[in-house]
Amino acid sequence: MTDAPVEMTTAHAPTAVPPQVLLVNHFKALKLPTFAREYEKVSADCAREDVDYPRYLLRLCELERIDRERHNMERRIRLAKFPVTKSLDTFDFAAIPVLNKSLVLELMRCEWIDKRENIIALGPSGLGKTHTALALGLAACQKGMSVAFTTAAALMHELMEARDEKRLRTLQKQLANVKLLIIDELGYLPFTAIGAELLFEVFSRRYEHGATLVTSNLPFDQWTSVLGSERLTGALLDRLTHHVHILEMNGESYRLATSKKRQKQNVKSKSIE
Ligand code: ADP
Ligand code: MG
């Protein structure tokens, strides 16, 4: 879209158009919505506080940048397609003592993503693998990184569909270019031979190019049962584990533990009654 020609009225030239109207137009053209919304209020504040012009402008610029950053972050979170948003604020490390808390906190700084390293979170169902992956994904979005969240089954489905519709190249490119790709639940459903080849290509393209986080309920020696071929599994693990942080997540299911706790409390309160 080309910009509308600017009416070259200046603040000094006499004009019939009030400056407020011109300003709103200029802000719109320059894509400064926060300036447009806030400038009158901030100018009143600054007049009251006897703040000079540069500082007035500075306040507006800061507000614009804060708003823009928030919008961008919200956009990244939307594009990541998290099934729900979770953070470590609601994560109880005491419930899973085997998990290396200091490593998780270090990983929340997202330097591993810049270094194009990988994470594999391993453990049975209900141990907080998805929760941790979501929290790390959210942290990456907050740090300005692009993220895509998917499950292994959905990814295979998407790859097969793209292949049938002859848009595999575009999808593979998208999957290669995102800064952090999270593949949840590898191991619940076996891949078809073609699906496994397509998944391998995803890992291959991302190798030393982008960070990947995989969660799985299966130990490595059982990954062949999901991917079908020993050769392919070996090559995939080779790439994935070259620069990797392993999160061991074993113990009692959090869901099970909390529902047991709840039952115990119910029994206690009933015996008091
Ligand atoms: P997994 O992916 O390992 O099967 P989830 O991350 O889906 O497990 O966890 C199951 C449920 O229990 C989720 O609602 C999650 O938020 C919660 N949960 C699991 N572990 C914890 C924990 N240590 N602290 C708080 N909530 C947890
Ligand atoms: Mg899960």
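Computed from a predicted model, the values in this text were never measured in an experiment.

### Description of the overall build of the protein chain
1) Next: Helix and strand counts for the protein chain stand at 12 helices and five strands.
2) Next: By its C-alpha atoms, the protein chain is 80 × 65 × 30 Å across when sized along the principal axes.
3) Next: Taken over 273 residues, the protein chain has a buried fraction of 37%.
4) Next: Taking all contacts inside the protein chain whose residues are at least 6 apart in sequence as the whole, residues at least 24 apart take part in 78%.

### Observations concerning the site of ligand 1
1) Next: Contacts to ligand 1 come from 15 residues, most closely from Lys-86, Asp-92, Gly-126, Thr-130 and His-131.
2) Next: One of the side-chain N or O atoms of Lys-86 is found 2.6 Å from an oxygen atom in ligand 1.
3) Next: In the model, an oxygen atom of ligand 1 is placed 3.1 Å from a nitrogen or oxygen of the Leu-127 main chain.
4) Next: Considered on its own, ligand 1 offers 550 Å² of accessible surface; in the complex 85% of this is hidden by protein.
5) Next: Residue assignment for the shell around ligand 1 shows that the elements contributing at least two residues are helix H6 (129-142) and helix H12 (254-272).
6) Next: The element best represented in the shell around ligand 1 is H6, accounting for three residues.
7) Next: Here the shell around ligand 1 is composed, by residue class, of five nonpolar, six polar and four charged.

### Looking at the domain arrangement of the protein chain
1) Next: Examined at the domain level, the protein chain breaks down into domain 1 (19-76) and domain 2 (88-257).
2) Next: Put simply, the middle of domain 1 and the middle of domain 2, counted by C-alpha atoms, are 41 Å apart.

### Focus on the environment of Leu-198
1) Next: Tracing the chain through its elements places Leu-198 in helix H9 (residues 193-206).
2) Next: The class for Leu-198 is buried, based on a relative accessible area of 6%.
3) Next: Separated by 180 residues in sequence, Leu-198 and Pro-18 have C-alpha atoms that sit 61 Å apart.
4) Next: Contacts of Leu-198, omitting those with residues within four sequence positions, involve Leu-159, Met-160, Arg-163, Leu-168 and Gln-172.

### Some points on the pairing of strand E4 (residues 211-216)
1) Next: Along E4, six of the six residues are buried, which leaves the element largely enclosed by surrounding structure.
2) Next: The side-chain alternation of E4 yields two buried faces, one formed by Ala-211, Leu-213 and Thr-215 and the other by Thr-212, Val-214 and Ser-216.
3) Next: Here five bridges tie strand E1 (residues 118-122) to E4, and the two strands are oriented parallel to one another. Note on E4: the bridge partner recorded for Ile-120 is Val-214.

### Quick word on the pattern of salt bridges
1) Next: Tallied over the full model, the rule gives 18 salt bridges.
2) Next: Residues Arg-231 and Glu-197 are paired through a salt bridge, measuring 3.4 Å at the closest nitrogen-oxygen approach. Placement of Arg-231 in helix H11 (residues 230-240) and of Glu-197 in helix H9 is noted, with a sequence separation of 34 residues between them.
3) Next: Judged by relative accessible area, Glu-197 falls into the partly exposed class, the value being 38%.
4) Next: Arg-205 serves as the salt-bridge partner of Glu-201, at 3.0 Å between the closest nitrogen and oxygen. Of this pair, Glu-201 and Arg-205 both sit in helix H9, separated by four residues, roughly a single helical turn.
5) Next: Looking at Glu-201, the relative accessible area reads 28%, which means it is partly exposed.
6) Next: Taken together, the shared-partner salt bridges in this structure form one network comprising Arg-37, Glu-38, Asp-67, Arg-70 and Glu-74.

Calculation criteria
Residues numbered from 1 in each chain as written. Chains lettered and ligands numbered in written order. Predicted model: local features only at pLDDT ≥ 70, side-chain atom pairs only at ≥ 80, totals over all residues. Heavy atoms only, no water. Helix = DSSP H or I, 4+ residues; strand = E, 2+ residues; numbered from the N terminus. Buried < 20%, exposed > 50% of the residue type's maximum accessible area, 1.4 Å probe, protein only. Contact = heavy atoms within 4.5 Å. Near = heavy atom within 4 Å. Polar contact = N/O pair within 3.5 Å; in protein donor to acceptor, adjacent residues only side chain to side chain. Areas by Shrake-Rupley, 256 points an atom, 1.4 Å probe, with all protein chains shown as cover. Nonpolar A, V, L, I, M, F, W, Y, C, P; charged D, E, K, R; others polar. Domains from an automatic or database assignment. Pairing = 2+ DSSP bridges. Salt bridge = Lys/Arg side-chain N within 4 Å of Asp/Glu carboxyl O.

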